[in-house]
Amino acid sequence: MVDISINFDLFNNYYYFYERLLVLLFSLVPAFLLVGFVLYTDRKSKEPTKNIIICLLSGILSVSLAGYLEQLALPFFSNDVILIYVFAGIEELTKMLIFFLLIFDNKHYDDIYDGLVYMMLIALSFAGLENIMYAFSESTMSNSISLALLRDFTTIPLHVICGIVIGYFASLGTFSKDKTKKYTNFFLGILIALLIHGTFNLLMSFLGGITDGLDSNIKIIILQVLPLVIIMMALFVIAIKYSKKALELDKIYVNNEEYDSKYNYLMTYDEYIDSYDRRKRVNLYNKISIKKEKEIDFVDISEEDTNA
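Just so it is clear, the model here is predicted, and its values are computed rather than measured.

Chemist: Would you take a moment to explain the packing of aromatic side chains for this structure?
Modeler: We describe a pair of aromatic rings using the distance from one ring centre to the other and the angle between the two ring planes. One pass over the full model with this rule turns up 14 aromatic pairs. Residues Phe-100 and Phe-104 carry aromatic rings whose centres are separated by 4.9 Å and whose planes lie at 50 degrees to one another, so their mutual orientation is tilted. On the accessibility criterion, Phe-100 (25% relative accessible area) is partly exposed. Relative accessible area serves as the criterion here: at 14%, Phe-104 is assigned to the buried category.

Chemist: Sorry, what's going on with helix H3 (residues 59-73) here?
Modeler: Count 3.6 residues to each turn of an α-helix, and residues three or four apart come out pointing the same way. Between its first and last C-alpha atoms H3 spans 20 Å; for 15 residues at 1.5 Å apiece the expected length is 21 Å, and the two agree. Within H3, burial applies to Gly-59, Ser-62, Val-63, Ala-66, Glu-70 and Ala-73. When H3 is viewed along its axis, its buried side chains cluster within an angular range of 95 degrees and face the same direction. Residues of H3 that are exposed and point more than 90 degrees away from the buried face comprise Ile-60 and Tyr-68. Residues of H3 that are buried in the fold lie against helix H2 (49-57), helix H4 (80-102) and helix H5 (112-135).

Chemist: So what exactly am I meant to see when it comes to the layout of surface pockets here?
Modeler: Rolled over the atoms, a probe as big as a water molecule pinpoints where empty space is left. Computed from the structure, the second largest pocket encloses a volume of approximately 450 Å³. Together, 19 residues line the second largest pocket, and Leu-34, Phe-37, Ile-164, Phe-236 and Ala-239 are the ones closest to its centre. Residue assignment for the lining of the second largest pocket shows that the elements contributing at least two residues are helix H1 (17-41), H5, helix H7 (155-174) and helix H9 (217-254). At 6 residues, the largest contribution of residues to the lining of the second largest pocket is made by H9. A class-by-class count of the residues in the lining of the second largest pocket yields 15 nonpolar, 2 polar and 2 charged.

Chemist: Help me understand the pattern of salt bridges in this model?
Modeler: In a structure, side chains of opposite charge can pair up when their charged atoms sit close to one another. Throughout the structure, instances matching the rule amount to 6 salt bridges. Close ionic contact of Glu-130 with Arg-151 constitutes a salt bridge, the shortest N to O distance being 2.8 Å. With Glu-130 in helix H5 and Arg-151 in helix H6 (residues 141-152), this pair connects stretches of sequence that are 21 residues apart. Each member of the pair, Glu-130 as well as Arg-151, carries the same accessibility label: buried. Between Lys-245 and Glu-248 there is a salt bridge, with the nearest N and O atoms lying 3.1 Å from each other. Highlighted residues: Lys-245 and Glu-248, both in helix H9, separated by 3 residues, approximately one helical turn.

Chemist: Help me understand H2, please; the structure alone is not making it clear to me.
Modeler: Asn-51, Ile-52 and Cys-55 are the residues of H2 that are buried. For H2, the angular spread of buried residues about the axis comes to 100 degrees, placing them on one side. The exposed residues of H2 that point more than 90 degrees off its buried face are Thr-49, Lys-50 and Leu-57.

Chemist: Explain the nonpolar core here, please?
Modeler: General note: in soluble globular proteins, nonpolar side chains tend to be found buried as a group. Of all hydrophobic cores here, the largest spans 57 residues; its most connected members are Phe-99 and Tyr-168. Mapped onto this core, the elements with two or more residues apiece are H1, H2, H4, H5, H7, helix H8 (179-210) and H9. Sort the elements by how many residues they give to this core and H7 lands first, with 12 residues. In this structure, Phe-99 is in contact with Phe-104, Tyr-109, Gly-115, Tyr-118, Met-119, Ile-122 and Ala-170, ignoring residues within four places of it in sequence.

Chemist: I'm lost on the packing of H2 against H3 in this one. Help?
Modeler: If you want to describe how two helices pack, look at the angle between their axes and the distance between the axes. Look at H2 against H3: their axes get within 5 Å of each other, and the N-to-C directions meet at 30 degrees. Classified by the angle between their axes, H2 and H3 sit roughly parallel to one another. Across the interface between the two elements, Cys-55, Leu-56 and Leu-57 from H2 touch Gly-59, Ile-60 and Leu-61 from H3. For the contact of H2 with H3, the class distribution of residues is 5 nonpolar, 1 polar and no charged.

Chemist: Mind showing me how you'd approach the packing of H2 against H5 here?
Modeler: Where H2 contacts H5, the axes come no closer than 7 Å and their chain directions differ by 35 degrees. Of the residues in H5, those touching H2 at Asn-51, Ile-52, Cys-55, Leu-56 and Leu-57 are Tyr-118, Leu-121, Ile-122 and Ser-125. Each residue belonging to the contact of H2 with H5 can be placed in one class, and the counts come to 7 nonpolar, 2 polar and no charged.

Chemist: Just to check I follow, could you spell out unusual backbone geometry for this structure?
Modeler: With the exception of glycine, most residues fall at negative phi, and the peptide bonds are largely trans. One non-glycine residue, Asn-256, lies in the positive phi region at around 55 degrees. Structurally, Asn-256 is set in the loop between H9 and helix H10 (269-273). Asn-256 sits in the partly exposed class, given a relative accessible area of 31%.

Rules used in this analysis
- Residues numbered from 1 in each chain as written.
- Predicted model: local features only at pLDDT ≥ 70, side-chain atom pairs only at ≥ 80, totals over all residues.
- Heavy atoms only, no water.
- Phe/Tyr/Trp six-rings, centres within 6.5 Å; stacked < 30°, edge-to-face > 60°.
- Buried < 20%, exposed > 50% of the residue type's maximum accessible area, 1.4 Å probe, protein only.
- Helix = DSSP H or I, 4+ residues; strand = E, 2+ residues; numbered from the N terminus.
- Expected span 1.5 Å × (residues − 1).
- Arc of directions from axis to C-beta.
- Contact = heavy atoms within 4.5 Å.
- 1 Å grid on protein atoms, 1.4 Å probe; cavity = no way out; pocket = protein on both sides within 12 Å on 5 of 7 lines; lining within 4 Å.
- Points joined across faces, edges and corners; volume = space filled by probe spheres on them.
- Nonpolar A, V, L, I, M, F, W, Y, C, P; charged D, E, K, R; others polar.
- Salt bridge = Lys/Arg side-chain N within 4 Å of Asp/Glu carboxyl O.
- Core = buried A, V, L, I, M, F, W, Y, C linked by side-chain atoms within 4.5 Å.
- Axes fitted to C-alpha atoms, helices over the stretch in contact; angles between N-to-C directions.
- Parallel < 35°, antiparallel > 145°, perpendicular 65-115°, else oblique.

Below, the structure written as C-alpha cells:
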C-alpha cells in the first residue's frame, strides 16, 4: 500500500538553525527560479502583484486540502496502481479548484496565456511547500538535501508541466463561445494532467523498485538515471508544445485575427470585451472594490465620531 504520511517538523531537533536554512534553500531555490522564468515569459502583459502573491501563497491551502482528501480516499483503494492515479488526480483537481476559486472570476484574467501563468504559479506554490515537507521528513540534513535535490529536478518540474496543461485547457474553456467546448476543455485539462502526473509517479515507483539493492553505479545510471532523464525530456517536450500553442492562440486573440477551424470556437479580444463573462468579472471586481471603500468610509466615520 502507498504511504502518504509525512513526518513533517520544520523545527525538529535533528537540525541546527543553519542546517534548516540549507534545507530550505535547496528545497525552494529552483521553485523561485521557475517563478522568475514564468513572470519573464509574461513580461509584455504583467499580472497584478496582488494576484501573483495570492497564487504563490495558495500552496498552504492546496497542500492541506490535497492531504486531507488523500487520507479520506486511502481506505477505499487497495490497489497501489489505482491509488497512485487517485492521489495524482486529487492533487491536480485541488490545484485546479484553487484556480477557479481565486483567479477564474478575476477581471485581470483576460487573455489566453494568463491561464498558463496563474496555473504555473499555483503549481509552483504547491510543489515548493510539498518539497519542504518531504525534505524535513528526513532525519538527517544530508538525506533532506538529497531528497530536495531529487525533487527539484523531477517533482517540481512535473507540477509546473501539469500546471501548464491545466492552464492551457482552462483558458480554452474560459474564452470559449461554445458551452460544450468550455466544459470539455475543463475536463480535458484535469484528465491529461492526471494521466501525466499519475504515470510519472508510477514510473518513479517502478524505477525505485528495480534499483533497490544495486551496488553498481553503472547499473543505477542505466536502470534509473537514464530512464529518468528520458522521462523528464518527454515531459519538457509536452510543456513546450502546450506553451507554444498557447502563445500562438494568444497572439491571434489579442490581435483579433481569425482562428483556424479547430479553434474557431474561441473568442477574440474584442469579442471577450463585449461578452457576458467579461461583464461578470468586472461587476464582481467593482462590487468588491465598492465594499472595501464602504468599509474604509465606515472606519473613518467611526474614528471621527470617537474624536468628537
